[in-house]
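# Structural description and commentary
So you can see what is in the structure, the chains are spelled out below.
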Amino acid sequence: MFEHSIKVPRHFKISANIVKKVATEGGSVKNLLYDSKLRFFRTNVIYALITETIKHSDDIDKLFEVTGILTKEPRLDPWLAKVITTELLFGKKELPGHSKPEKTIIGYKEQFDSVPLQQVEVKPEVRRPRYVRINTNLLTTSDAIGAFQDEGYKFIRCTSGSYDDYLKQIQGLTEYDFTQDYHVKTMFVFHPNTKFHDHDLYLENKIILQDKATALPVHLLAPPQGSVVLDMCAAPGMKTTQLAAFMRNQGKIYAVERNEERYNTLCDFVNKTDSKCVTTMHRDSLDIKRGEYDDVEYIILDPSCSGSGMQLCIHKYVEDVRLARLTSLQEKFLKHAMNAFPKAKRIVYSTCSLFPEENERVISNVVKLSRAKWKVLNVKDLLKGNWNNFGSGMYGEIGTRCLYAKPDSDLTTGFFLAVLERDPKQSEKTDNTDVKDDSQLQGTLKDRKKSTNNDSNLQQDEAECNSSEPLTTSKHRRKKTSSDDDAQGQTKSKSEYVSEEMSSKKKNKKRTAAVSKEDLECLETESKDPVENVESKKSKKKKRDKPEDSEIPINDNNASVSIEKQEDVNDSKKKKKKNKRKEFSDADDKDSRMDKDVNNSIDLTDTTEDAIYAKKKKKSKHSKNADIQQNDMSDEPVKKKKKKHSHVKD
């Protein structure tokens, strides 16, 4: 920027800032112009200067390119230069001040005049009527009609005919006529020359200067009283305050805005319009996570766009890079709205753009790829056929279900609108399946623990039954049968384990992730318990056998004979005990070998059935060895008793 002693006129600076915002950020000139800070300034002068600058923007760009003024004067602000050049060439044709920027533009005037400009036939612009929305939070529609009638305006009832009849009616309004809108009943239509910026009702925020096209999203969203609504891009607050009035301040409205300046404007406007059910939030809507506001039922989304539908739009051509960035951002917003709020029933997506890349393409791409099931409602049906412009068929049926508002035919600003509704049958299918999977996993773990406990109890019962069975076979037969059973058990177990390993590993590859470390520890501890139980039983049986051997009856008459027999019996007992200990140690060695083979072949991640089978084998072997020992020890005293009785008889 130039450093100059004489200041640039203020209306030039204000006009340059607004033109820059419209060109770079998009938006409405009137919303930017009629800010509270500029309310007491000459807004009509600034508005005229901005409109002329936007109309001649192509010619000014050509003049700057031919003369090279921006490269030769690098400290000259390009937006301020456009406004000053417009005033010098297409406005008053003179500059009021003598600041450095004005003198610089005047120095290039001769070069500007020498550049031939193409004269394009400008079609007569269709003048849009003045739309006024009644803020029913502060004023009823009947009171508003009476107030306008007191000022000399004549109320004409809206036609009951077709939509085309209504368009003809509002085109024939005189300066003191007004009527009610065909669709939005809280909106009135006046002659284009009607001015309300100094009106008392406007200054008291009882009437809002809002175009009809921007009021259609709330009309089609139609949230009932008591609903929870989210406005994802709320500033400056036109739709937010309209929602509050539509719901009669009953319910909740979350109004979200990221930009700090626009957020302050939103808060100020919400307070002035007495929108009590609105909660403003200074944050980015994309940062709202699932679970924070799950009570949201209705969503209105009006994201940043090129603003190509505005009447005073500087974007006659938008670069592909900027358009791609805008469409990417718009798709992110819509995806987030469809997926982050599980109770959302309806979404209204709208832009003030006429480019299909920002409209039908965004709707088509997001709806087809969305996880949740959403459908695009036919706006023509919602408006009962009373509309003329709809989306393009290039995007299939989805495109034709959308709505366009066009300045030439609908007498509004250029606008796009689509209504999306969630399919109630398949709204939360993915969440339900996730919950079912978790419950099934927990159920299987509980069943496995129960089965292991039941099997351990059954094994204990079987061991007790086997120990209590009567002994009828002889010593040699028992030894042979036990050894044969051991050999058969070894061969059977090895073959069965190999086959079970192959089948169980294939079946349980998917289940290995579900088995926790706690289950593995339980299995290991349970596998060790049978061995400890067998050892404890052996020690108890040895203690029981000792008193039985010591309590052998002896006759006094034949003491010498009985003593010799007792010594022979004791010697034989010792030999038998040694042999039994050897057999028992050999059996223990075999069991340890079998344990090693089993532990090597069976994974800890196998099912509990395999582990239970191994436990049964171990218990049966130990119980058989214990039975053999008990039988051998119990046979001797029986034989002694028989011999003793025979000796007494003799």
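Per an unreviewed UniProt entry, the chain is named SAM-dependent MTase RsmB/NOP-type domain-containing protein, and its organism is Leptosia nina. The UniProt entry for the chain carries this comment under Sequence similarities (unreviewed entry): "Belongs to the class I-like SAM-binding methyltransferase superfamily. RsmB/NOP family."

### With respect to the overall build of the chain
When its secondary structure is counted, the chain shows 24 helices and 13 strands. The buried share of the chain, taken over its 650 residues, is 43%. When the accessible area of the chain is evaluated, it comes to approximately 36,800 Å², of which 49% is carbon and sulfur surface.

### Some remarks on the pattern of salt bridges
The full count for this structure, using the stated rule, is 13 salt bridges. Note that Glu-397 and Arg-401 form a salt bridge whose closest N and O atoms lie 2.8 Å from each other. The class for Glu-397 is exposed, based on a relative accessible area of 54%. Residue class for Arg-401 comes out partly exposed when judged on its relative accessible area of 24%.

### Thoughts on the packing of helix α1 (residues 10-24) against helix α3 (residues 43-55)
Where α1 contacts α3, the axes come no closer than 10 Å and their chain directions differ by 50°. Comparing the axis directions of α1 and α3 gives the class oblique. By crossing handedness, the relation of α1 to α3 is classed as right-handed. Along its contact with α1, which presents His-11, Phe-12, Ile-14, Ser-15, Ile-18 and Val-19, the element α3 presents Ile-46, Leu-49, Ile-50 and Thr-53. Tallied by class, residues from the contact of α1 with α3 come to 7 nonpolar, 3 polar and no charged.

### With respect to the nonpolar core
Counting 44 residues, the largest nonpolar core has Tyr-166, Ile-170, Ile-253 and Leu-417 as its most contacted members. Here this core gets 6 residues from one element, more than from any other, and that element is helix α12 (residues 212-221). Those residues in contact with Leu-417 that sit more than four places away from it in its chain are Leu-216, Pro-217, Leu-220, Val-348, Tyr-349, Ser-350, Val-379, Cys-402 and Leu-403. Grouped together as the second largest cluster of nonpolar side chains are 34 residues, Val-228, Val-256, Tyr-404 and Ala-418 included.

### Quick notes on the environment of Asp-274
Turning to its location among the elements, Asp-274 is positioned in the loop between α14 (260-272) and β8 (278-282). Residue Asp-274 is classed as partly exposed on the basis of its relative accessible area of 25%. It is 8.9 Å that separates the C-alpha atoms of Asp-274 and Asn-249, two residues lying 25 residues apart in sequence. Ignoring any residue separated from it by four or fewer positions in sequence, one finds Asp-274 in contact with Asn-137, Leu-138 and Asn-249.

### Regarding the UniProt feature "binding site: S-adenosyl-L-methionine" (unreviewed entry) in the chain
Those places that UniProt annotates as "binding site: S-adenosyl-L-methionine" (unreviewed entry) correspond, in this numbering, to Glu-257, Asp-284 and Asp-302. Spatial clustering of the annotated residues is evident: they stretch over 46 residues in sequence, but the largest pairwise C-alpha distance comes to 13.7 Å. Those residues in contact with Glu-257, other than ones at most four positions away along the chain, are Cys-233, Ala-234, Ala-235, Arg-262, Tyr-263, Leu-266, Met-281, His-282 and Arg-283. Looking at the secondary structure, you find Asp-302 in the loop between β9 (298-301) and α15 (320-339). In terms of polar contacts, Asp-302 uses its side chain to reach the side chain of Lys-239, at 2.7 Å.

### What to know about the side chain of Thr-194
Note on placement: Thr-194 falls in the loop between β4 (187-190) and α11 (200-203). Owing to a relative accessible area of 6%, Thr-194 belongs among the buried residues under this scheme. Sequence-distant contacts of Thr-194, that is, excluding residues within four places in its chain, are made with Arg-130, Tyr-153 and Glu-175.

### Here's the deal with the confidence of the model for the chain
In low-pLDDT segments, the atomic positions of the prediction should not be examined closely. Residues with a pLDDT of 70 or more make up 60% of the chain, whose mean pLDDT is 75. The low-confidence segment residues 461-498 (pLDDT under 50) makes 31 contacts with residues lying over four places distant or belonging to another chain. Contacts of residues 631-650 to residues separated by more than four positions or lying in other chains number 24 contacts, the stretch itself having pLDDT below 50.

### Remarks on the sheet that holds strand β2 (residues 154-156)
With mixed pairing, the 5 strands of this open sheet are ordered in space as β2-β3-β4-β1-β5. Single-partner strands in this sheet number two, and they are β2 and β5 (207-209). Strand-to-strand, the axes of this sheet are offset by a mean angle of 30°, without reference to chain direction. When strand β1 (residues 130-134) meets β4, the two strands line up antiparallel, connected through 4 bridges. Bridge assignment links Tyr-131 to a residue of β4, and that residue is Val-189. Sheet strands touched by helix α10 (residues 163-171): β1, β2, β3 (177-180) and β4. Its angle to β3, the strand with the most contacts, is close to 155°.

### Some remarks on α1
Here α1 is 15 residues long and its end C-alpha atoms lie 21 Å apart, about the 21 Å a rise of 1.5 Å per residue gives. Looking at α1, one finds that the buried residues are His-11, Phe-12, Ile-14, Ser-15, Ala-16, Ile-18, Val-19, Val-22 and Ala-23.

### Details of the pairing of β9
The alternating pattern of β9 places Tyr-298 and Ile-300 and Ile-299 and Leu-301 on opposite faces, both of which are buried. As defined by bridge partners, strand β6 (residues 228-231) adjoins β9 across 3 bridges and the pair is classed as parallel. Paired with Val-229 across the two strands is Tyr-298, which belongs to β9. As paired elements, β9 and strand β10 (residues 346-351) share 4 bridges and run parallel to each other. By the bridge assignment, Ile-299 is partnered in β10 with Ile-347.

Cut-offs applied
Residues numbered from 1 in each chain as written. Predicted model: local features only at pLDDT ≥ 70, side-chain atom pairs only at ≥ 80, totals over all residues. Heavy atoms only, no water. UniProt positions renumbered as here; feature names shortened; annotations may be inferred. Helix = DSSP H or I, 4+ residues; strand = E, 2+ residues; numbered from the N terminus. Buried < 20%, exposed > 50% of the residue type's maximum accessible area, 1.4 Å probe, protein only. Areas by Shrake-Rupley, 256 points an atom, 1.4 Å probe, with all protein chains shown as cover. Salt bridge = Lys/Arg side-chain N within 4 Å of Asp/Glu carboxyl O. Axes fitted to C-alpha atoms, helices over the stretch in contact; angles between N-to-C directions. Parallel < 35°, antiparallel > 145°, perpendicular 65-115°, else oblique. Left-handed = near helix turned anticlockwise from the far one by under 90°. Contact = heavy atoms within 4.5 Å. Nonpolar A, V, L, I, M, F, W, Y, C, P; charged D, E, K, R; others polar. Core = buried A, V, L, I, M, F, W, Y, C linked by side-chain atoms within 4.5 Å. Polar contact = N/O pair within 3.5 Å; in protein donor to acceptor, adjacent residues only side chain to side chain. pLDDT = per-residue confidence, 0-100. Pairing = 2+ DSSP bridges. Expected span 1.5 Å × (residues − 1).

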